[in-house]
Amino acid sequence: RHLALLGRRGADTPGLDQALPALREAGVQVRVYACDVSQREQLARTLLDIRGSMPPLRGVVHAAMVLDDALLSGLDEPRLRRVLQPKLDGAWNLHELTREQALDLFVLFSSATTLLGNPGQANYVAANAALEALARLRRAQGLPACAPAWGPIADVGVLTTNELARDSLAARLGAPALPARDALAMLERLLLQDLPGAALLDFSWSALQRLLPSAGAHRFAELRAQADQGDDEREQDLRRHLAELPPHEARELVLQHLCREVAGILRLPADKLSPSQCVFDLGMDSLMAVELGLALERRFGIRVPPMLLNENPSIERIAERLLATLGPQPEAQAPDPTQQLVQGLLAQHAEHHAETTAAELAEQVREAADSGARLIA
């Protein structure tokens with residue numbers, strides 16, 4: 001097995017000194033090239049050397065990336081070009097310079113941000129959307145192409161050095177980043193099934209939709225339907241489970257769910273929240289309070305009084321109120337059908353009547369019926 005690794009820094013690429021021994025120990029013959037794939041002439045020379053010194057090229061994996069985050073107001077042409085070049089220019093050069101070769105695979109690393117967006121990354125989203133368009137173009141031309149839209153990866157890449165970003169993404173998605181082993185297994189499935197691509201990430205729709213402006217779009221209709229059905233089932237299971245627990249365990253479970261909901265809205269790690277602290281001191285505002293109320297209604301199937309969230313409550317106080325509402329309720333007495341009939345007749349034919357009158361008449365009707373009298377209305 002032979003592998004050519006191309007990168008702008010070549011052998012000085014961070015982490016390469018750790019990866020190479022493992023590859024060579026696995027029997028892979030590796031050559032490393034200092035090559036910027038966005039520069040067509042550099043790439044052409046490198047590919048010429050590969051053709052002359054290695055077996056025929058059978059596959060391309062394009063994973064180049066540069067980040068330069070900015071809000072739209074600060075996104076000028078240089079910042080846009082800096083992010084587009086390595087992804088789009090590099091992918092296009094690889095496409096044109098290898099299209100005459102019999103490749104088994106041509107993989108373009110895209111991002112789930114093309115579906116979900118990400119604040120401050122319009123240039124990055126545009127670059128990945130272009131990769132997915134190129135993959136469709138290649139497949140239309142009968143050429144191999146796959147553009148997996150990666151979500152966050154936990155143990156390789158940029159998130160390994162940015163714990164804050166990793167925690168923020170986990171809070172936004174409602175799920176932790178994927179381990180690299182799982183991500184590569186998903187990629188293998190895409191390639192074996194010859195699929196053009198898919199979004200590869202773990203997430204909770206109930207958490208994600210809170211921060212997703214396009215959550216109501218048609219493309220998410222199936223997810224919404226599945227989530228609604230799942231929410232109903234989870235709500236019933238949760239309420240049943242709470243009813244079976246001792247009071248102190250039920251309180252702890254409600255606190256856990258509540259902390260996760262508040263953390264998701266505030267985009268904070270749940271373990272950083274203090275249950276005794278007022279939610280507004282944690283950073284919640286009035287709009288977030290409305291969002292919390294709706295989230296609790298979905299989670300527990302009960303209506304949260306608006307005043308509860310306007311009284312500067314702590315997470316513990318909200319949990320106590322939820323437990324009081326979720327606790328066993330007195331069974332409503334079944335309506336008396338005879339009294340309902342009498343009330344209906346009185347409403348239609350009497351000018352004035354009282355509840356006591358209806359009850360007395362209903363009792364007289366029952367006594368008459370018990371004595372065998374026929375009642376004709």
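Small disclaimer: the values here were computed from a predicted structure and weren't measured. (Residues numbered from 1 in each chain as written. Predicted model: local features only at pLDDT ≥ 70, side-chain atom pairs only at ≥ 80, totals over all residues. Heavy atoms only, no water.)

Draft legend 1. Main features of helix 3 (residues 77–98). The end-to-end C-alpha distance of helix 3, which contains 22 residues, comes to 29 Å, matching closely the 32 Å that a straight helix rising 1.5 Å per residue would cover. Along helix 3, the sharpest kink reaches roughly 50 degrees, centred on Gln85 and followed within four residues by the proline Pro86. For helix 3, every residue scored as buried is listed here: Val83, Pro86, Lys87, Gly90, Ala91, Asn93, Leu94, His95, Leu97 and Thr98. Where helix 3 is buried, its residues meet helix 2 (40–53), strand 3 (59–62), strand 4 (105–108) and helix 5 (122–140). The N-capping residue of helix 3, defined by a side-chain oxygen 3.1 Å from the backbone nitrogen of Arg79, is Asp76. (Helix = DSSP H or I, 4+ residues; strand = E, 2+ residues; numbered from the N terminus. Expected span 1.5 Å × (residues − 1). Bend = angle between axes of the 7 residues up to and from the residue. Buried < 20%, exposed > 50% of the residue type's maximum accessible area, 1.4 Å probe, protein only. Contact = heavy atoms within 4.5 Å. Polar contact = N/O pair within 3.5 Å; in protein donor to acceptor, adjacent residues only side chain to side chain.)

Draft legend 2. Seen up close, helix 5. Taking 1.5 Å of rise per residue, the 19 residues of helix 5 would be expected to cover 27 Å, and the 27 Å separating its terminal C-alpha atoms lies within 8% of that figure. What helix 5 keeps buried is the set Asn123, Tyr124, Val125, Ala127, Asn128, Ala130, Leu131, Glu132, Leu134, Ala135 and Arg138. Looking at the buried positions of helix 5, the neighbouring elements they touch are strand 3, helix 3, strand 4, strand 5 (110–111), helix 4 (113–116) and strand 6 (149–150).

Draft legend 3. Looking closely at the environment of Arg299. Position of Arg299 relative to the elements: it lies in helix 11 (residues 286–300). The exposure class of Arg299 is partly exposed, given its relative accessible area of 23%. For the pair Arg299 and Leu258, spaced 41 residues apart in sequence, the C-alpha to C-alpha distance is 9.3 Å.

Draft legend 4. Just the nonpolar core, in detail. In this structure, Leu258, Val262, Met284, Leu292, Leu296 and Ile315 are the most contacted members of the largest nonpolar core, which totals 26 residues. Listed by contribution, the elements that provide at least two residues to this core are helix 10 (247–266), helix 11 and helix 13 (315–326). The element that contributes the greatest number of residues to this core is helix 10, accounting for ten residues. Grouped together as the second largest cluster of nonpolar side chains are 19 residues, Tyr33, Ala91, Leu94 and Ala145 included. (Core = buried A, V, L, I, M, F, W, Y, C linked by side-chain atoms within 4.5 Å.)

Draft legend 5. The pattern of salt bridges, seen in detail. Under the criterion given, the structure shown has eight salt bridges. For Arg58, the salt bridge identified is with Asp104, shortest N-O distance 3.0 Å. One end of the pair, Arg58, is in the loop between helix 2 and strand 3; the other, Asp104, is in the loop between helix 3 and strand 4, and 46 residues separate them in sequence. Residue Arg58 is classed as partly exposed on the basis of its relative accessible area of 45%. For Asp104, a relative accessible area of 53% puts it in the exposed group. (Salt bridge = Lys/Arg side-chain N within 4 Å of Asp/Glu carboxyl O.)

Draft legend 6. Structural detail: unusual backbone geometry. Unusually for a residue other than glycine, Asp194 sits at a positive phi of about 55 degrees. With respect to the helices, strands and loops of the structure, Asp194 is situated in the loop between helix 7 (180–192) and strand 7 (199–200).

These figures capture arrangement, not role.
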